[in-house]
Amino acid sequence: TGKDADRILTEVLSIIDTERTFANTLLRIDDLYYTVSKVWSLIELLTSTHPFQDIRDEADENDLRIQEYMIDLSINDHLYHAILAYSKLKEAQKLAGGRKRFLKSELNEFKRSGMELEVDERQKLKEIQISISELSIAFSNNIRSSQDTLFIDSELTEGLPEDYKNERIQPDGSYAIDLSHPSFYPFMKYADSDSLRKRLRYMYLNIGSPENLHILNKIISLCNELSEILGYSSYASYIIEESMAKTPGAVWEFENDLRKSIEMKAINDMEEMLDMKREVSGNNEVILYDWDKHYYENQILRNRYSVNSEKVKEYFELSTVIDGFFKITGALFNIQYQEINNPSIWHEDVTMFEVMDANSGEIIGRFYLDLFPRPNKYKHAAEFTIVSGKRIGDTYQIPVAALVCNFPKSAVNSPSLLLHDEVETFFHEFGHLIHDILS
């Protein structure tokens, strides 16, 4: 892939500036990025999900190599001047829509990479970016590899659902409460013990510490240094410039307006939770803590509104949720899904599907579902692009993506039942996947 990318780069740089076109310059640069992304995206998936340490280590090593390659590309004088030369031609000045935006974005990204700086300053920027990449990988790995677990005796399990306890009981009769989503959030929602919820919340907020605290301080320092070299007043100013908000001031204005509009509702919600805590504890002098929120929200739902989330989740067995999503999106987008038998996968829990046009039966995309927690796996929920859809000449490269989540896994006596907010998470992340497949 490195050779393919270099070949495209050489081809673009060999063109005489007056003969540049969108097709032989910008489109080929997009081809170059695509060539790199096909490998880079897969590496990011493997480092986040593969069960074998040596594969993850190899992926991390190659992730850094690709990041360094892309940094070098972003400060390549010859490539910058090739795009700049094209931008001055009549064809470039008549571009519209996405093509116009791509040209503007490319020129701007070169400036943001330090192309207007002296060579030694550019080299310093490169060193900072590589250091940030290395630290960011270490930061993520510390979170993924964390195995912190709270062990409690049976008398401390008051409030916890039976299926939850059955999944976590140990040979000695204790219960293992780890920090994966299907373990952490139900505990915060159901456990009657304030002190245990406090303890588990502390453990959860400190995943990867103390190492990650030192790493984070280094990253913040390097980001500030990077923004100073580039002439920005802050790293926030640098990073937000390419976003919709454009400036930190716009972000603060949005935040403050939002706070004003929801403050009264938030105060009312807090008062309702305080009332419920007084009722449950029998104590009028109470304080609402961070580790109380999920628990007393659930108590309010049960005692004031007769909503039992344990009963609600019986309607959301995982395979039913997946089938429901397939039906909804099938009707919305005129597509069909077909599971692939015996796919090549990175773990036995992973499944694979094809997406087809409902009228023609033509395959328009493929995706993987990796839905259950395991050691050293990405701990939240995310959609990973593996291969982007792209027309290359007369052919179309079919997109491939993966949905990586951490939902409760079915056991002998208990199916995988999702809480309502987990169903929301599934729909949200699957929305990103549909975006990838149908774009």
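Trainee: Give me the lowdown on the overall build of the chain, citing residues and values where you can.
Mentor: A count of helical and extended segments in the chain gives 17 helices and nine strands. Counting only C-alpha atoms, the chain reaches 80 × 55 × 45 Å along its principal axes. Burial statistics for the chain: of 439 residues in total, 43% are counted as buried. Put simply, of all contacts in the chain between residues at least 6 apart along the chain, 64% involve residues at least 24 apart.

Trainee: Tell me about the packing of aromatic side chains, residues and numbers included.
Mentor: Per the counting criterion, the structure on display carries 24 aromatic pairs. Their ring planes at 45 degrees and their centres at 5.4 Å tell us that Tyr80 and Phe110 sit as a pair that is tilted. One end of the pair, Tyr80, is in helix H4 (residues 77–87); the other, Phe110, is in helix H6 (residues 97–112), with 30 residues separating them in the sequence. This pair shows no difference in class: Tyr80 is buried, exactly as Phe110 is. Relative to Phe353, the ring of Phe326 has its centre 5.4 Å away and its plane inclined at 75 degrees; by these criteria the two rings are edge-to-face. Of this pair, Phe326 sits in helix H16 (residues 318–333) while Phe353 sits in strand E4 (residues 351–357), placing them 27 residues apart in sequence.

Trainee: Pulling in residues and values, what's your account of the pattern of salt bridges?
Mentor: This model, assessed by the stated rule, comprises 30 salt bridges. A salt bridge links Lys390 to Asp31; its shortest N-O distance comes to 2.9 Å. Residue Lys390 is located in strand E7 (residues 390–392), and its partner Asp31 is located in helix H2 (residues 22–49); the two are separated by 359 residues in the primary sequence. Asp31 shares its class with Lys390; the two are buried. Here Glu241 and Arg112 are joined by a salt bridge, their closest N and O atoms 2.6 Å apart. One end of the pair, Glu241, is in the loop between helix H12 (235–240) and helix H13 (248–281); the other, Arg112, is in helix H6, with 129 residues separating them in the sequence. Beyond isolated ion pairs, a larger network of salt bridges with shared partners links Glu11, Arg28, Asp30, Asp31 and Lys390.

Trainee: Before we move on, can you summarise helix H3 (residues 53–74) with the specific residues and values?
Mentor: Helix length check: H3, at 22 residues, gives a terminal C-alpha distance of 31 Å against a target of 32 Å (1.5 Å per residue), a fit within 8%. Looking only at H3, the buried set comprises Arg56, Ala59, Asp60, Asn62, Asp63, Ile66, Gln67, Met70, Ile71, Leu73 and Ser74. At its buried positions, H3 is contacted by helix H1 (2–13), H2, H4, H6 and helix H7 (119–144).

Trainee: Tell me what's going on with the sheet that holds strand E3 (residues 335–339), and back it up with residues and numbers.
Mentor: The strand order E3-E4-E5-E9-E6 describes an open sheet built from five strands, whose pairing is mixed. What marks the edges here is a single partner per strand, and that holds for E3 and strand E6 (382–387). Pairwise comparison of adjacent strand axes, ignoring direction, gives a mean angle of 25 degrees for this sheet. Here E6 runs beside strand E9 (residues 400–404); their pairing, made up of five bridges, is antiparallel. Considered in E9, the bridge of Val387 is made with Val400. Relative to E6, H2 is tilted by about 140 degrees, and along the sheet it contacts strand E5 (363–370), E6 and E9.

Trainee: Pulling in residues and values, what's your account of the side chain of Ser416?
Mentor: Following the sequence through the fold, Ser416 ends up in the loop between E9 and helix H17 (420–438). Using a relative accessible area of 2% as the deciding quantity, one classes Ser416 as buried. At a separation of 2.4 Å, a polar atom in the side chain of Ser416 contacts the main-chain carbonyl oxygen of Pro408. With residues up to four places along the chain from it excluded, the contact list for Ser416 reads Phe316, Glu317, Leu318, Phe372, Pro408, Lys409 and Ser410.

Trainee: Tell me about the nonpolar core, and please be specific about residues and values.
Mentor: Nonpolar side chains in soluble globular proteins tend to end up buried together. In terms of nonpolar packing, the biggest core is built from 26 residues, with Leu26, Leu32, Leu79, Ile83, Tyr86 and Leu103 touching the most fellow members. Among the elements of the structure, H1, H2, H3, H4 and H6 are those that each provide at least two residues to this core. In terms of residues, this core owes the most to one element, H2, which gives six residues. The contacts of Tyr86, once residues within four sequence positions are left out, are Arg20, Thr21, Phe22, Thr25, Leu26, Glu91, Ala92, Leu95 and Leu103. In terms of nonpolar packing, the next biggest core, distinct from the first, is built from 25 residues, Val321, Ile322, Phe367 and Phe426 among them.

Trainee: Tell me about H1, and name the residues and values.
Mentor: Taking 1.5 Å of rise per residue, the 12 residues of H1 would be expected to cover 16 Å, and the 16 Å separating its terminal C-alpha atoms lies within 8% of that figure. By the burial criterion, the buried members of H1 are Ala5, Ile8, Leu9 and Val12. Down the axis of H1, the buried set is contained in an arc of 100 degrees. They therefore lie on one face. Every exposed residue of H1 that faces more than 90 degrees away from the buried side is listed here: Lys3 and Thr10. For H1, the secondary structure elements touched by its buried residues are H2, H3 and H4.

Rules behind the numbers
- In every chain, residue numbers begin from 1 and rise along the written sequence.
- Totals for whole chains, interfaces and linings use every residue, but because this is a predicted model, local features are given only for residues with pLDDT of at least 70 and side-chain atom pairs only at 80 or more, for both listing and counting.
- Working from all heavy atoms in the structure, the side-chain values ignore hydrogens and water.
- What counts as a helix is a DSSP run of H or I of at least four residues, what counts as a strand is a run of E of at least two, and both are numbered from the N terminus.
- The classification of residues rests on relative accessible area computed with a 1.4 Å probe and restricted to protein chains. Under 20% of the type maximum is buried, over 50% is exposed, and intermediate values are partly exposed.
- Residues count as neighbours in contact if any of their non-hydrogen atoms are within 4.5 Å of one another.
- Two rings from Phe, Tyr or Trp (for Trp, the six-membered ring) form a pair when their centres are within 6.5 Å of each other. A pair whose planes differ by under 30 degrees is stacked, one over 60 is edge-to-face, and the rest are tilted.
- Note on definitions: salt bridges are taken to be side-chain nitrogens of Lys or Arg within 4 Å of carboxyl oxygens of Asp or Glu.
- Multiply 1.5 Å by the residue count of a helix minus one, and that product is the helix's expected span.
- Note on pairing: DSSP must find at least two bridges between two strands before they are called paired.
- Between N-to-C directions, angles span 0 to 180 degrees; the directions come from axes that are lines fitted to C-alpha atoms, helices contributing only their stretch in contact.
- For this analysis, a polar contact is any N or O atom pair within 3.5 Å, provided that within protein one partner can donate a hydrogen and the other can accept it, and provided that sequence-adjacent residues contribute only side-chain to side-chain pairs.
- Only buried residues count toward a nonpolar core. Its members are Ala, Val, Leu, Ile, Met, Phe, Trp, Tyr and Cys residues joined through side-chain atoms within 4.5 Å.
- The arc refers to the directions leading from the helix axis to the C-beta atoms.

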